[in-house]
Amino acid sequence: KRQAPLFVRGEGVHLIAEDGTRYLDFVSGIAVMSLGHGDAGVAQATQEALATGLIHTSNLYRTAPGEALAQWLVDHSFASSVFFANSGAEANEGAFKFARRW
């Protein structure tokens, strides 16, 4: 049996245990990035996604949120296009191809 604290709530960068102790969360989940806990913007975006039924789709498919994000990244960077990757290996592969082409 695990002796670690039982976390019952999250607030920003903290996890709160059932006894009220706050812990700074330095760990993201497997295959995800850490966005913190209980963020109102993330909650709203999640609710909007739930309403569409498109919770998770492959990066091979076009979706309105994906296209909006790609356009935002182009508008706010040096890039004229965006490559979405599923993993660090794919991101590295994309970077190598970009470097070779450059």
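A quick note: this is a predicted structure, and the numbers were derived from the prediction, not measured.

A. Seen up close, the environment of Ala95. With respect to the element layout, Ala95 can be found in helix H3 (residues 88-101). As for Ala95 and Phe83, which are separated by 12 residues in sequence, their C-alpha atoms are 9.4 Å apart.

B. Fine view of the sheet that holds strand E2 (residues 14-17). Strand order in this open sheet of 3 strands is E1-E2-E3, and the pairing throughout is antiparallel. Of all the strands in the sheet, the pair left with one neighbour each is strand E1 (7-11) and strand E3 (22-24). Recorded for the sheet is a direction-independent mean angle of 30° between the axes of neighbouring strands. The pairing of E2 with E3 spans 3 bridges and is antiparallel. Looking at the pairing, His14 lines up with Leu24 of E3.

C. Inspection of the pattern of salt bridges at higher detail. Throughout the structure, instances matching the rule amount to 4 salt bridges. Note that Glu11 is salt-bridged to Arg9, the shortest N-O span being 3.0 Å. When its relative accessible area of 33% is taken as the criterion, Glu11 is described as partly exposed. Owing to a relative accessible area of 44%, Arg9 belongs among the partly exposed residues under this scheme.

D. Inspection of helix H1 (residues 40-52) at higher detail. Here H1 contains 13 residues, and its C-alpha end-to-end distance of 19 Å stays within 8% of the 18 Å for a straight helix at 1.5 Å per residue. Two to three positions downstream of the cap, the backbone nitrogen of Gly41 sits 3.0 Å from a side-chain oxygen, assigning the N-cap of H1 to Asp39. Looking one or two residues beyond H1, the residue adopting positive phi is Gly53, at roughly 85°.

E. Examining the confidence of the model for the protein more closely. The pLDDT averaged across the protein works out to 84; a share of 91% of its residues lies at or above 70. Considering each helix and strand of the protein separately, the mean pLDDT is smallest for H3, with a value of 87, and largest for helix H2 (residues 64-75), with 92.

F. Representation of the environment of Pro5 within the structure. Checked against the element boundaries, Pro5 lands in the segment before E1. As for Pro5 and Glu67, which are separated by 62 residues in sequence, their C-alpha atoms are 41 Å apart. Apart from residues no more than four positions distant in its own chain, Pro5 is found in contact with Ala17 and Tyr23.

What counts as what
Residues numbered from 1 in each chain as written. Predicted model: local features only at pLDDT ≥ 70, side-chain atom pairs only at ≥ 80, totals over all residues. Heavy atoms only, no water. Helix = DSSP H or I, 4+ residues; strand = E, 2+ residues; numbered from the N terminus. Pairing = 2+ DSSP bridges. Axes fitted to C-alpha atoms, helices over the stretch in contact; angles between N-to-C directions. Salt bridge = Lys/Arg side-chain N within 4 Å of Asp/Glu carboxyl O. Buried < 20%, exposed > 50% of the residue type's maximum accessible area, 1.4 Å probe, protein only. Expected span 1.5 Å × (residues − 1). Polar contact = N/O pair within 3.5 Å; in protein donor to acceptor, adjacent residues only side chain to side chain. pLDDT = per-residue confidence, 0-100. Contact = heavy atoms within 4.5 Å.

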